[in-house]
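Report on the structure
Read off the chains here:
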Amino acid sequence: MGKIKTIARRSFLIGSVAVAGGAAFGVYTYKKPYANPLEDELYAGESTLNPFVLINKEGVTIITPRAEMGQGIQSTLAAMVAEELDVAWETVQFKHGPAASAYYNNAMFAAGVPFNEFDDSFVAETMRSGMKKLGKILAVQMTGGSTATIDGFDKMRMAGCSAREALKTAAADRWNVDASSLETENGKVINPANGESLDYREIAAEAADARPATVPLREASEWKYVGKSMPRLDMTAKVTGTAEFGIDVRLKDMLYASVISNPKLKGKMNSFDASEAEKMPGVIKIVDLGDGVGVIADNTWRAFNAVNAIEFDWGDAPYPDTQAGMWDVLEKGLSLDPLNTLRDDGDVVKASADAPDGISAEYRVPYLAHSCMEPMNATALVTNNGAEIWTGTQAPQVAEQFAAEALGLDTEQVKCHTTFLGGGFGRRVEYDAAVLAAKLAKEVPGKPVKMTWTREEDTAHDFYRPIALGRFNAFFDNAKNLRAFDAKISSPSPTYDAMGRLGFPVGGPDAQLTEGIHNQPIDIENYRVYGYNAEVGVPVGFWRSVGNSFGGFFHESFLDEIANHRGVDPVQMRLELMANYPVARNVVEKAAEISNWGSKANAGSGMGFAHTLSFGTYCAQVVKVSQVKGKISIDKVWCVADPGLVVDPKNFEAQMMSGIIYGLTSAIMGEITFEDGEAEQSNFHYYDAMRMHQCPEMEFATLSNKTHIGGAGEPGTPPSVPALANAIFNLTGERYRELPLNKHIDFV
Amino acid sequence: MKLTINGKVHEFEVEAEMPLLWVLRDELGYTGTKFGCGIAQCGACTVHVDGLPARSCSTAIGDVDGSEITTIEGLGTPDKLAPIQEAWVEHQVAQCGYCQSGQIMSAAALLDSIPSPTDEEIDAVMSGNLCRCGTYPRIRAAIKTAAAKMEG
Ligand code: FES
Ligand code: FES
C-alpha cells in the first residue's frame, strides 16, 4: 500500500478518479499477478485454488472481497463463482477475506473515464480498458461507485471456472483419464464413463498444484444462478442478531472507548479539562489526541459519560462561521474559471443573444450527513509486532495504511479485518475511525480497544455531501421551441477533498461536479454545462450517488420548468430530447406506461417525472403525491431501470427501493447547517429519516437493452428527488428550488 | 442485580443508571441488540422486558432489575428460526441488517398484541424504528406473512 501512495502522489484527475502521472508502470507490472493472500493464512487441511476459492473439510468457501453494507454484494459475487464452480447454493460459505491487492477494483477506475455512458466509440472504449489496467496497477481494494458487480462479473466467474478445471485436472490424474472427459456437479467431479465421483474436498490439495487448460466461460443460456434471485447468504445471520458488525467485535481483555473531537471541523483544541472525567467509574485512561480527547474505559456507556464530562476549549474552524458565509463562497465561485466544461455543444452565447424568450432559475441543496445506522467505530490491538484493526470499511487497505502511519509502523505490520457494515453510503471509505482506535490502542499495548462514537459525534464529524448551487437558463424561439440550455454549478468538489484524504491528491476537471447534468442522454442544439469548484473548507465526501444527488435534482427540475413554460407534457418532451438514445426512450416509455402517465386515473393527485442516467444505469421514476389535511403524502413511486444485465433481480429491486428512500429522505428533510463553525444537527431528533408511515408504495420494472452492465446501489437515488419536487409542482403549482422541501411545505 | 435473559439467569453488579442496552452488549455479550442513537429515537435497541417492547438504550437497569428479557437471540436461532424470522428471510428484508434486530423485536411485540394488524396499525407501531437502508416495504410485507404463519 505504501507503493500505491507513492504512485498516486504523482497523479492527476480524469473524470473522477486519480490516474498515475508517469508511464513507468508498464506491461510487466500489469501482467504480474498479485500473490494469493489466502496462501499465507491456510490452516492444516485447507487448499486455495486462487484468491477467491478456499476448500477445507467443511466444503467450499468463496472469498467475496467487497464491503457488505446492505447491497447484497457478497451473495452476488458468490453466485458468480458458484455458477462456474458447480457447487450447490445451500452449501456455499463466504467470507470477506483479507485486505489485499489481489482484490483490486477495476471498474471503479473505468467509471472515471470522461466519456458518457452511451459513448461506445473506439476512443471511449480504449480509455475504459486503459483505466481498468490502471486499477490493477494501483491495486486498490475498494467498494463504491456502484462498481462491485461490474468489476466482479468476469473476474469471479473466471475464478470459479479455473478452480473447476483445476479440480477436474486433479481428478483426471487420479483416474488416469483425460480431464476434458469429466463433468462437475454439486461439489463433485464425475466420470460419466463409469459413474465414479470425487468430492472437491478430497482432491483440493492436488488441485492447488494443477495446471489446467484454459476453457471459455459458460454461455448465458447455461446459467443457473446468474440472472436469478438467489437467497442472500447473509440473511439468516441478519435476522437472528448473529451477523458481526464492527460494533459487535468482542475480543479477550477488550476495553471500550469513545472520542470527542473538535466540532469546528479541522480546528485545533486549545485546551481541555478532564478532571471530572478522570474520577468517573470505569475510566482507565484519558488520551489527548491533539484535536480531541479519547476516554478508554471498561464499558462503552461509561466511556460515553466520561468523554461527555470533559470541558473543551476549541479553536476555530478554517471556514466561514455561518451558513450564509458558505453560500457566499459558492456565489463567488461562479465568477472563477470553470473547473469543468464537460458539455459545450453549439453556441449558447449566440443562441441566447438571439432568443426572444427565456427563463432562469436558481437551485440550492444543503450539506447532508450519511447517517449510517451503525455509528462509526473500530477496534484495534497494538502489540510489539504490529497492529490489527477490526472495522466495517469500504477500503481496508486504506485503513491499514493510515493506521500504520498513525502508529509509526510499516503498512505490512497492520492487518485489517473487515466486518459487516451497518450502512456505508460512501461514509465508510474514510479511515478516521480506524485511526482513532489505533491511537487509543497504542496507549494500552496488548489490549484491544473498541472505539465507538456517540450518534452526536457521528453527525458532527461526517464528511458531508457538499452544498451546491445551480444557475440555469433556457432560451426559446417565438414558437417556444427550446433553442439553448445553459447550466452553471458551483459546489465544493468532494473528489478533491476525499481523494486528498485517501492519499490520492488530484487535479484537473472533476466530472462529479456536473454529473447528472452534462452526461445525460439528451440532445439540445446549444447546450452548455460548466462546473465551478468553490472550496468552502467543510470536509465533504462521497454520499450515495455523489454529484448526481444534486445534479439530477437541478437538471430534471429545470427540464420540468421548461416543459411547463412551453406548455408541453414533460414526458413527451423528454422523449423528443432523447430521440437519439433508444435505451433511454424505452425506460421513459415504460415508466409512463406502468404509471398510467397522463390518464384520468391519477386525477386529484400530483404526478412528477424524472430520469437520470448514473453509474451506468438508466433510471426513470414517477412520483404520485396527494394532500392530506394540508400535508403532502407521497403515495406511490414507479421506477423503471435499465442496468443491462440484472445479476439478481430481487436484490436489484431492493437496491432501487433503498436508493429511492434515501433520496426521498434527503428531499423531504435532509439538511446539515452550520452555526459558529459547528453542525447544528446532532441526533435523529434533528436529523431524521423517512419512516414507515411516510414510505410510499413502490412498483418496479427492469429492462435489459443496454450493453455494458450498470450499477445498482446508487442510480435509484438521483431521480427520486426531482420526481417528488415535480409532483408537488403538479399538485400545488408551487416550484420549490431549494432543499429540503419541508422548509416550504409540510409532509405527513 | 439479576436478569433472566432468553431464559438464562445472569447476576452482575453495575450502577443503577446504566442503560439495559449496555448491560446486554458490553457486560453480558448479547450483541444482537444494537446501538443507534441512545435517546429512544431509532428503535435499533428494542428488546422485550417481561413481554413488552422497550428501547433498551433508555431503560435504566435499576428499573428492570429482576425482569425477564428477550433479545433477538432469544426469538430464534439460525438453526431454528422463529416464524417471524422465517418471514423476514422469505421476503429477503435485510440489507445492511443493522436495524433489523430492533425491527423484528418491535414487529414481534406488535403481533403479540395484534395478531393481524392493519397497515395503519403496522405504521403506528413500526414508525419508531428507523431503517436507513429503506427496507420498509419489505418489512410491511414480512409482518403480514408472519401474521398469517402465526395464525395458521
Ligand atoms: S439506540 Fe435505542 S432507540 Fe436508538
Ligand atoms: S437494513 Fe440497514 S438500516 Fe435497516
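What counts and what doesn't
- Starting from 1, residues in each chain are numbered consecutively following that chain's sequence as written.
- Throughout, the order in which chains and ligands are written sets their labels, letters from A for the former and numbers from 1 for the latter.
- Restriction of local features to residues with pLDDT of at least 70 applies here, the model being predicted, together with a cutoff of 80 or more for giving and counting side-chain atom pairs; totals for whole chains, interfaces and linings are based on all residues.
- By convention in this description, side-chain values take in all heavy atoms of the structure and omit both hydrogens and water.
- A helix here means a DSSP run of H or I that spans at least four residues, while a strand means a run of E at least two residues long, and both kinds are numbered starting from the N terminus.
- We compute the radius of gyration over the C-alpha atoms and compare it with the globule rule, which gives 2.2 Å times the number of residues raised to the power 0.38.
- Only protein chains enter the calculation, and the probe is 1.4 Å; a residue is then buried if its accessible area is under 20% of its type maximum, exposed if over 50%, and partly exposed in between.
- The contact criterion used throughout is that any non-hydrogen atoms of two residues lie within 4.5 Å.
- Per-residue and other accessible areas were derived by the Shrake-Rupley procedure at a 1.4 Å probe size, with only the shown protein chains allowed to occlude residues.
- None of His or the chain ends enter the tally, which takes Lys and Arg as positive and Asp and Glu as negative.
- Here the site of a charge means NZ on Lys, CZ on Arg, CG on Asp, or CD on Glu.
- Every patch collects residues that have over 30% relative accessible area and no salt bridge, joining them within 9 Å if they carry like charges and within 5 Å if they are nonpolar side chains (Val, Leu, Ile, Met, Phe, Trp, Tyr).
- Whenever a carboxyl oxygen of Asp or Glu lies within 4 Å of a side-chain nitrogen of Lys or Arg, that contact is scored as a salt bridge.
- What marks off one domain from the next here is an automatic or database domain assignment.
- Put simply, buried area is the surface a 1.4 Å probe can reach on two separate parts but cannot reach once they are joined, added for both.
- N or O atoms within 3.5 Å of each other form a polar contact, as long as, within protein, one can give a hydrogen and the other can take it, and as long as residues adjacent in sequence are counted only when both atoms are side-chain atoms.
- When residues are sorted by character, Ala, Val, Leu, Ile, Met, Phe, Trp, Tyr, Cys and Pro go into the nonpolar class, Asp, Glu, Lys and Arg into the charged class, and all the rest, Gly among them, into the polar class.

1. Re the overall build of chain A
- Of regular secondary structure, chain A possesses 21 helices and 29 strands.
- Against the globule reference of 27 Å for 748 residues, chain A gives a C-alpha radius of gyration of 27 Å, in line with a compact fold.
- Once the C-alpha set of chain A is aligned to its principal axes, its extents read approximately 85 × 75 × 55 Å.
- Considering chain A as a whole, with its 748 residues, one finds that 65% of them fall into the buried category.
- The long-range fraction of contacts in chain A, counting pairs at least 24 apart against all pairs at least 6 apart in sequence, stands at 76%.
- As displayed, chain A has an accessible area near 26,500 Å², and 48% of this comes from carbon and sulfur atoms.
- Of the charged side chains in chain A, 69 are positive and 95 negative; the average position of the first set lies 1 Å away from that of the second.

2. Some details on a negative patch on the surface
- Where like charges cluster on the molecular surface, the negative patch consists of Asp316(A), Asp321(A), Glu675(A) and Glu680(A).
- Within the secondary structure, Glu675(A) sits in strand β27 (residues 674-675).

3. A closer look at the domain arrangement of chain B
Residues and elements named next belong to chain B.
- Each assigned domain of chain B is listed with its residue range as follows: domain 1 (2-74) and domain 2 (83-151).
- Computed over C-alpha atoms, the centres of domain 1 and domain 2 are 21 Å apart.
- Taken residue by residue, the interface counts 15 residues in domain 1 and twelve residues in domain 2.
- Summing both partners gives a buried area of about 1,100 Å² for domain 1 against domain 2, and 57% of it is carried by carbon and sulfur.
- The tally of links between domain 1 and domain 2 comes to zero salt bridges.
- The interface formed by domain 1 and domain 2 contains six residue pairs in polar contact (both at pLDDT 80 or more).
- A per-class count over the side of domain 1 that touches domain 2 returns six nonpolar, seven polar and two charged.

4. A few points about the domain arrangement of chain A
Residues and elements named next belong to chain A.
- When the domains of chain A are assigned, the result is domain 1 (14-105 + 140-232), domain 2 (246-317 + 376-452) and domain 3 (334-368 + 464-743).
- Averaged C-alpha coordinates put domain 2 and domain 3 at centres separated by 37 Å.
- Opposite the 13 residues of domain 2 that make contact, domain 3 presents 17 residues.
- Between domain 2 and domain 3, the buried area comes to about 1,200 Å², and carbon and sulfur atoms account for 55% of it.
- Three residues, Leu265, Phe425 and Glu430, lead the burial of domain 2 against domain 3; their summed loss comes to 42% of the area buried on that side.
- Scanning the region where domain 2 abuts domain 3 turns up three salt bridges.
- The residue glutamate 430 makes a salt bridge to arginine 501 at a minimum N-O spacing of 2.7 Å.
- Taken together, the residues that form the side of domain 2 that touches domain 3 break down as eight nonpolar, one polar and four charged.

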